[in-house]
Amino acid sequence: EADIYQTPRYLVIGTGKKITLECSQTMGHDKMYWYQQDPGMELHLIHYSYGVNSTEKGDLSSESTVSRIRTEHFPLTLESARPSHTSQYLCASKPPGAVRNGYTFGSGTRLTVV
Amino acid sequence: GNSVTQMEGPVTLSEEAFLTINCTYTATGYPSLFWYVQYPGEGLQLLLKATKADDKGSNKGFEATYRKETTSFHLEKGSVQVSDSAVYFCALTDGYGGSQGNLIFGKGTKLSVKP
């Protein structure tokens, strides 16, 4: 049973629209992540956060932005969607303490920009 | 920095076949090692992990042993089922301790099991 929730699960949207992908977790985790998953299934880290008011860019440059106003909420926004943004987006969080506890992932949002 | 390499897919097996997905790593210190599984249309789920050398992680019939001498963490299952069809990711901790640490993921191996 997932304790990290992503909405919507699927989204088809026109070019130029502004969109926000939602990610919420009920576990009180401080560290959260956004990954973009390409069709070949490889994961690319695009944003992460250490906690409230903390946001950092990941390894893959992305035109998206994130915010972290509340511990449980880590939304991702695209100001002007383009077909190149079509992808699966996965949100994850990490329990407190050492990273050897691993991450918890949401079910993902599959975004299609037409 | 730490890195992980896993065998490229796709891997196609018949039901009840033996599965091995290779994973090797490069790391300083003593990373923790993980296998995650992603079923179609879903996010990643932790399948098993090992936190020190010679540890064996196991779950749902899958096993992997942390081999420091060969820097490997190969995933095995004795008899796969159609329901095991998924993408499997090997991962390790990045070498930073405590709460600052992150996971580094392999590129994923897609497994298809045919009846």
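Above this text you will find the structure in question.
Below is a short write-up of the structure. (Residues numbered from 1 in each chain as written. Chains lettered and ligands numbered in written order. Predicted model: local features only at pLDDT ≥ 70, side-chain atom pairs only at ≥ 80, totals over all residues. Heavy atoms only, no water.)

A few points about the packing of aromatic side chains
In step 1: Within the structure shown, the criterion is met by 14 aromatic pairs over all chains.
In step 2: The interplanar angle of 85 degrees and the centroid separation of 5.8 Å between the aromatic rings of tyrosine 35 of chain A and phenylalanine 105 of chain B together place this pair among those described as edge-to-face. With tyrosine 35 of chain A in strand E4 (residues 31-37) and phenylalanine 105 of chain B in strand E11 (residues 103-105), this residue pair bridges two chains.
In step 3: The buried category is assigned to tyrosine 35 of chain A, whose relative accessible area is 4%. (Phe/Tyr/Trp six-rings, centres within 6.5 Å; stacked < 30°, edge-to-face > 60°. Helix = DSSP H or I, 4+ residues; strand = E, 2+ residues; numbered from the N terminus. Buried < 20%, exposed > 50% of the residue type's maximum accessible area, 1.4 Å probe, protein only.)

Thoughts on the interface of chain B and chain A
In step 1: Residue-level contacts link 22 residues of chain B with 23 residues of chain A.
In step 2: Taken together, the two surfaces of chain B and chain A that pack against each other cover about 1,800 Å², and 53% of this comes from carbon and sulfur.
In step 3: Sorting the residues of chain B by area buried against chain A places Leu44, Asn102 and Lys107 of chain B first, and these three jointly supply 22% of that buried surface.
In step 4: Inspection of the chain B/chain A interface yields one salt bridge.
In step 5: Linking chain B to chain A there are seven residue pairs in polar contact (both at pLDDT 80 or more). (Contact = heavy atoms within 4.5 Å. Buried area = accessible area lost by both parts, 1.4 Å probe. Salt bridge = Lys/Arg side-chain N within 4 Å of Asp/Glu carboxyl O. Polar contact = N/O pair within 3.5 Å; in protein donor to acceptor, adjacent residues only side chain to side chain.)

Things to note about the sheet that holds strand E3 (residues 19-25) of chain A
Residue and element names in this part refer to chain A.
In step 1: Within the open sheet, the four strands sit side by side as E1-E3-E8-E7. Their pairing is antiparallel. Both outer strands of the open sheet, strand E1 (4-7) and strand E7 (65-66), are each paired with one neighbouring strand and no more.
In step 2: Bridge count for E3 against strand E8 (residues 76-78) is three bridges, and the pairing is antiparallel. Of the residues in E8, the one forming a bridge with threonine 20 is threonine 77. (Pairing = 2+ DSSP bridges.)

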